[in-house]
Amino acid sequence: MPTVTVQPAGIPFEVPVGRTVMEVAREQGYYWPTQCNMACQCATCFFIVVEGAENLSPMGRAERAALIEQRGRHALAQPVRLACQARVHGDVVVRKHGVRRD
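Residues numbered from 1 in each chain as written. Predicted model: local features only at pLDDT ≥ 70, side-chain atom pairs only at ≥ 80, totals over all residues. Heavy atoms only, no water.

Turning to the nonpolar core, a few remarks are in order. Membership of the largest hydrophobic core comes to 29 residues, with the highest contact counts inside it found for Val4, Val6, Phe13, Val21, Trp32, Phe47 and Leu82. Dropping the residues within four chain positions of it, valine 6 is found in contact with Ile11, Phe13, Trp32, Val94, Lys96 and Val99. (Core = buried A, V, L, I, M, F, W, Y, C linked by side-chain atoms within 4.5 Å. Buried < 20%, exposed > 50% of the residue type's maximum accessible area, 1.4 Å probe, protein only. Contact = heavy atoms within 4.5 Å.)

Let's shift gears to the packing of aromatic side chains. Across all of its chains, the model carries 2 aromatic pairs by this definition. With a centroid separation of 6.2 Å and an interplanar angle of 75 degrees, the aromatic rings of tryptophan 32 and phenylalanine 47 are classed as edge-to-face. Here phenylalanine 47 lies in strand E4 (residues 46–51) and tryptophan 32 lies in the loop between strand E3 (30–31) and E4, a separation of 15 residues in the sequence. This pair shows no difference in class: tryptophan 32 is buried, exactly as phenylalanine 47 is. (Phe/Tyr/Trp six-rings, centres within 6.5 Å; stacked < 30°, edge-to-face > 60°. Helix = DSSP H or I, 4+ residues; strand = E, 2+ residues; numbered from the N terminus.)

This part takes up the pairing of strand E6 (residues 92–95). Sheet topology places strand E1 (residues 3–7) next to E6; 4 bridges connect them, and they run parallel. Opposite valine 4, over in E6, you have valine 92 as the bridge partner. Looking at chain direction, E4 and E6 are connected through 3 bridges and run antiparallel. Bridge pairing in E6 links glutamate 51 to valine 93. (Pairing = 2+ DSSP bridges.)

If you want it as structure tokens, here you go:
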């Protein structure tokens, strides 16, 4: 099963293939910052992909629109994804402040 490692906290958790980062983090007892409760509207759950971008699902239109609306078009120049939308297909290392045991 793929592992998502969240830096700088160094939190690793396993994610079944095809599930989103945020839904599995929550199921495993982690707090992941969000304001829209996984509705792809706030972009608060964004993370920076440090390693393994190829192991995430392609970015969809809703995710792209939310990132542009909430963080500006320049956000797309970075390896940024939304935890509520990014589905895992292999090991990934991400950077997201605020993730912790709930």
